[in-house]
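Take a look at the letters that make up each chain.
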2 protein chains.
Amino acid sequence: MEHSKDEYYMQMALGEAAKAAARDEVPVGAVIVAGTTVIARAHNLTETLNDPTAHAEMQAITAATASLGGKYLSGCTIYITIEPCVMCAGALAWSQISEIVYGSPDEKKGYTTVGSQILHPKTVVRSGTMADECSEIMKTFFRKKRD
Amino acid sequence: MEHSKDEYYMQMALGEAAKAAARDEVPVGAVIVAGTTVIARAHNLTETLNDPTAHAEMQAITAATASLGGKYLSGCTIYITIEPCVMCAGALAWSQISEIVYGSPDEKKGYTTVGSQILHPKTVVRSGTMADECSEIMKTFFRKKRD
């Protein structure tokens, strides 16, 4: 049951990633859920906004805390197509989010390359949900870039 | 000469920190300079905006890249009253900023508690500029909080 719930929201995050790809942005998507309510969806907009901080996760955190009216996301789950980078993991730590579910690992820029002690000690991490789909949308994007 | 230039801009960052304190925000300020032009000044607004990502540095990066019309800050220097956290250091890494000058260390939440390999390899870091003043504004803030 947990598994299919994760897939349901990861599919939504993949939809966000596809929106990024359509804008010629690196295709990463994020969705934040409180209980069964989606309180934020976002995709990477670093090129469109000329802003290196405009990762999908950062925008989702800002939208979710605005939606809840407080700066913490305890009780919430974030679904991200790719392993968050150090910046995004640091932001998730400040938010005290309860769960992080990501699809594909990022062996170059993922936060685990630096150390998993970045996150809040109470945050639970699950990875690998729809990993092939999450990875494939990235590979397709970079393959087209090289052509 | 370098020393007095650093003090000049750090004084400006301290002015930003004082604005944060006046709003009952943890008093951290940041200024970004391109050549001799100030392209961003910001202070912490996490409480006012209910947003854990609204650190002084993050807002300064967003403003500076918007000002330059590109997502990189190579050639720029950021002055920050306190050592940046992991999130902000991660954002500064993405920006490829040339220099980071910070006043006081943050032994609990500073990025060096995790590892200095977070930053871009070309970024030069200087610390200790007006460290006493930068530290004192924080201590005064938290002392008042406890009273």
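Position numbers for residues count from 1 along each chain, tracking the sequence in the order it is written. Each chain gets a letter, beginning with A, and each ligand a number, beginning with 1, in the order they are written. It should be noted that, the model being predicted, local features are given only for residues of pLDDT at least 70 and side-chain atom pairs only at 80 or more, the latter also being counted only at that level, while totals for whole chains, interfaces and linings use all residues. Only hydrogens and water are removed before side-chain values are computed, so all heavy atoms of the structure are retained for them.

### Looking at the sheet that holds strand β4 (residues 99-104) of chain A
Residue and element names in this part refer to chain A.
- A pair of strands is treated as paired once DSSP finds two or more bridges between them. Secondary structure follows DSSP: runs of H or I at least 4 residues long count as helices, runs of E at least 2 residues long count as strands, and numbering of each begins at the N terminus. A sheet is described by the order of its strands in space; here 5 strands give the open sequence β2-β1-β3-β4-β5, paired in mixed fashion. Whereas interior strands pair on both sides, the edge strands pair on one side only; in this sheet they are β2 (37-43) and β5 (124-127). Each neighbouring strand pair of the sheet contributes to a mean axis angle of 15 degrees, computed without reference to strand direction.
- Pairing of strand β1 (residues 29-34) with strand β3 (residues 76-82) involves 5 bridges; the strand directions are antiparallel. Interaxial angles span 0 to 180 degrees and are taken between N-to-C directions of axes, which are lines fitted to C-alpha atoms, for helices over the stretch in contact.

### Things to note about the interface of chain B and chain A
- Whether two residues are in contact is decided by their heavy atoms: any pair within 4.5 Å suffices. Listed by partner, the interface residues are 26 residues for chain B and 26 residues for chain A.
- Counting each side, the surface lost to burial between chain B and chain A is near 2200 Å², with a carbon and sulfur contribution of 68%.
- In the sections that follow, a salt bridge refers to a side-chain nitrogen of Lys or Arg positioned within 4 Å of a carboxyl oxygen of Asp or Glu. Counting every contact that joins chain B to chain A gives 2 salt bridges.
- Of the charged contacts in the structure, one is a salt bridge between A:E47 and B:K71, with a shortest N-O distance of 2.8 Å.
- Polar contacts, as counted here, are pairs of nitrogen or oxygen atoms within 3.5 Å of one another; within protein the pair requires one atom able to donate a hydrogen and one able to accept it, and residues that are adjacent in sequence qualify only if both atoms are side-chain atoms. On the surface where chain B and chain A come into contact, there are 10 residue pairs in polar contact (both at pLDDT 80 or more).
- Counting residues per element, the ones that place at least two in the side of chain B that touches chain A are α2 (56-68) and α3 (86-95) of chain B.
- Top contributing element to the side of chain B that touches chain A by residue count: α3(B), with 6 residues.
- Polar here means any residue outside two lists: the nonpolar Ala, Val, Leu, Ile, Met, Phe, Trp, Tyr, Cys and Pro, and the charged Asp, Glu, Lys and Arg; Gly therefore counts as polar. Split by residue class, the side of chain B that touches chain A holds 11 nonpolar, 11 polar and 4 charged. Here's the idea: put two parts together, see how much 1.4 Å probe accessible area each one loses, and the total over both is what we call buried area.

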